[in-house]
Amino acid sequence: MALREVFERFDVDKSGRVTPDELMKLGAARRQLGQKTGVWTKVQNDKLLRTLDTDNDGACSCLEFAVSFAERLPTEAVEFRATLRQFHEVASEVAKNRDEKAVCAPVSAVGENQKIRSLQAQLLDSAKTQSSLEIKIGKIEKEKFALTKEMEAIRVSNDSASGLRILNKELQEAKKNLAAALKENRQLEAEHVSPAGETGRGGGQTGRGQSNVDKLEAELEATRAELKQARASDSDRSLRNQVEALQRQLASSKAGSDEVVRDALRDSRAEIFELKSELERKDAALSKMKEQMGALEQVMSPSE
């Protein structure tokens, strides 16, 4: 128990082990108190530590201290107690030296504490600044995203408006062409519809009339194919050319059979009806696009 108390006093930093630095201070204190003569050197200190440190961990544990000094200390009771008193005096001397050093440097310690607090305050300010910058960066990114979306909407709006103007122009031209074609067809119908008695011709004209009918049917069939192709490409210019070609074909049919002319007129009416239907579909698409443009303008208009 006595050696344990000595070890606990030798363990100045209360780490549970006597370190080389603590052992060096204890050896120097023995000589300072006059218990030993000479100077306690690092070589002597390392040699003693190697003797005490049986597990070679670089320090002396309580068990290592007790086992070693139990063998090294005197066995006679009086001498043993005297040696223990010296050890306690050495421990007290080391503790006193430590306390004196702590008292001699209070200003320095306070200064260090102030520096530490200053550094902590700077770190806190830096963290706050960084957090504020991150928040600002987040806001900037959101604004950038919103502006990108707005620019994309404006671009789409401009493209839609341009397409709408082009489509509207094409529809107006198509309507004009259709109106002109209807007027000319009505004139042709008035010119070629004759009384029933005038449809009869001489026998010599029958073969020639049939030939004209076949030729006209072939030409009309070709015209229908060209009209279909014109509708597929949605070209008003081609459509106008096809209507003009049809008008020329109808004009040249005056010398042929009236029945063939009526068939051609019926076919022309059917073609014109299809063209009107197509124009109505385009009008519906134009109206729908106008509604979409109106809704888009409402969304993009600044709120009051």
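Since the structure is predicted, the reported quantities are computational estimates derived from the model, not experimental observations.

**Structural notes on the overall build of the protein chain**
Logical step 1: Tallying secondary structure elements over the protein chain gives nine helices and two strands in all.
Logical step 2: Listed N to C, the secondary structure of the protein chain is α-β-α-α-β-α-α-α-α-α-α in terms of helices and strands.
Logical step 3: The contacts in the protein chain between residues at least 6 apart in sequence include a share of 69% that link residues at least 24 apart.
Logical step 4: When the accessible surface of the protein chain is totalled, it reaches about 20,900 Å², and 55% of it is carbon and sulfur.

**What to know about the packing of aromatic side chains**
Remark: the centre distance and the inter-plane angle together describe each pair of aromatic rings, the angle taken between the planes.
Logical step 1: As enumerated under the stated definition, the model contains five aromatic pairs in all.
Logical step 2: Pairing Phe10 with Phe65 gives two aromatic rings, centres 5.7 Å apart and planes at 80°, and the pair type is edge-to-face. Here Phe65 lies in helix α4 (residues 62-72) and Phe10 lies in helix α1 (residues 2-10), a separation of 55 residues in the sequence. Neither residue differs from the other here; Phe10 and Phe65 are each classed as buried.
Logical step 3: Arg72 extends its terminal NZ or CZ atom over the ring of Phe69, reaching a point 5.9 Å from the ring centre.

**With respect to unusual backbone geometry**
Logical step 1: One non-glycine residue, Lys14, lies in positive phi territory at about 55°.
Logical step 2: Counting through the fold element by element, Lys14 comes out in the loop between α1 and β1 (17-18).
Logical step 3: Judged by its relative accessible area of 60%, Lys14 is exposed.

**A short note on the packing of helix α3 (residues 42-52) against α4**
Logical step 1: Two numbers describe how α3 lies on α4: the axes approach to 9 Å, and their chain directions differ by 105°. Comparing the axis directions of α3 and α4 gives the class roughly perpendicular. Touching Leu48, Thr51 and Leu52 of α3 are Glu64, Ser68, Phe69 and Arg72, all from α4.
Logical step 2: By residue class, the composition of the contact of α3 with α4 is three nonpolar, two polar and two charged.

**Re the packing of helix α2 (residues 20-32) against α3**
Logical step 1: Between α2 and α3, the shortest axis-to-axis distance is 10 Å and the interhelical angle comes to 120°. Taken as axis vectors, α2 and α3 run oblique relative to one another. The handedness of the crossing between α2 and α3 is right-handed. Note on element contacts: α3 touches α2 through Lys42, Asn45, Leu48, Leu49 and Leu52, opposite Pro20, Leu23 and Met24.
Logical step 2: Grouping the constituent residues of the contact of α2 with α3 by class yields six nonpolar, one polar and one charged.

**Observations regarding the side chain of Glu93**
Logical step 1: Structurally, the position occupied by Glu93 is in helix α5 (residues 77-104).
Logical step 2: Take Glu93: its relative accessible area is 9%, and that puts it in the buried class.
Logical step 3: Filtering out sequence-adjacent residues up to four positions away, Glu93 remains in contact with Ala29, Gln32 and Leu33.

**Observations concerning the nonpolar core**
Logical step 1: Grouped together as the largest cluster of nonpolar side chains are 21 residues, with contacts concentrated most on Phe10, Phe65, Phe69 and Phe87.
Logical step 2: Secondary-structure elements contributing two or more residues to this core are α1, α2, α3, α4 and α5.
Logical step 3: The leading source of residues in this core is α5, at five residues.
Logical step 4: Those residues in contact with Phe87, other than ones at most four positions away along the chain, are Val6, Phe10, Arg30, Phe69 and Leu73.
Logical step 5: If you look at the next biggest cluster of nonpolar residues, it comprises eight residues, including Leu167, Ile272, Leu275 and Leu279.

**With respect to the pattern of salt bridges**
Logical step 1: All told, the structure shown has five salt bridges when counted by the stated rule.
Logical step 2: Two residues, Arg17 and Asp57, come together in a salt bridge whose shortest N-O distance is 3.1 Å. In this pair, Arg17 is assigned in strand β1 and Asp57 in the loop between α3 and β2 (60-61), connecting sequence segments 40 residues apart.
Logical step 3: Judged by relative accessible area, Arg17 falls into the partly exposed class, the value being 34%.
Logical step 4: Ionic pairing is found between Lys25 and Asp21, a salt bridge with its closest N-O pair at 3.4 Å. Remark: Asp21 and Lys25 occur in helix α2; sequence separation between them is four residues, near one turn of the helix.
Logical step 5: Classification of Lys25 as partly exposed rests on a relative accessible area of 42%.

**Concerning α1**
Logical step 1: Within α1, the full set of buried residues consists of Leu3, Val6, Phe7 and Phe10. Summarising the axial view, the buried residues of α1 lie within an arc of 100°, below the 170-degree limit, and thus occupy one face.

**Some words on the state of the cysteines**
Logical step 1: For the structure shown, the criterion picks out zero disulfides.
Logical step 2: The thiol of Cys60 is unpaired, and the distance to the nearest cysteine sulfur, on Cys62, comes to 8.4 Å.
Logical step 3: On the accessibility criterion, Cys60 (1% relative accessible area) is buried.

Calculation rules
- Residues numbered from 1 in each chain as written.
- Predicted model: local features only at pLDDT ≥ 70, side-chain atom pairs only at ≥ 80, totals over all residues.
- Heavy atoms only, no water.
- Helix = DSSP H or I, 4+ residues; strand = E, 2+ residues; numbered from the N terminus.
- Contact = heavy atoms within 4.5 Å.
- Areas by Shrake-Rupley, 256 points an atom, 1.4 Å probe, with all protein chains shown as cover.
- Phe/Tyr/Trp six-rings, centres within 6.5 Å; stacked < 30°, edge-to-face > 60°.
- Buried < 20%, exposed > 50% of the residue type's maximum accessible area, 1.4 Å probe, protein only.
- Lys NZ or Arg CZ within 6 Å of the ring centre and 35° of its normal.
- Axes fitted to C-alpha atoms, helices over the stretch in contact; angles between N-to-C directions.
- Parallel < 35°, antiparallel > 145°, perpendicular 65-115°, else oblique.
- Nonpolar A, V, L, I, M, F, W, Y, C, P; charged D, E, K, R; others polar.
- Left-handed = near helix turned anticlockwise from the far one by under 90°.
- Core = buried A, V, L, I, M, F, W, Y, C linked by side-chain atoms within 4.5 Å.
- Salt bridge = Lys/Arg side-chain N within 4 Å of Asp/Glu carboxyl O.
- Arc of directions from axis to C-beta.
- Disulfide = S-S within 2.5 Å.

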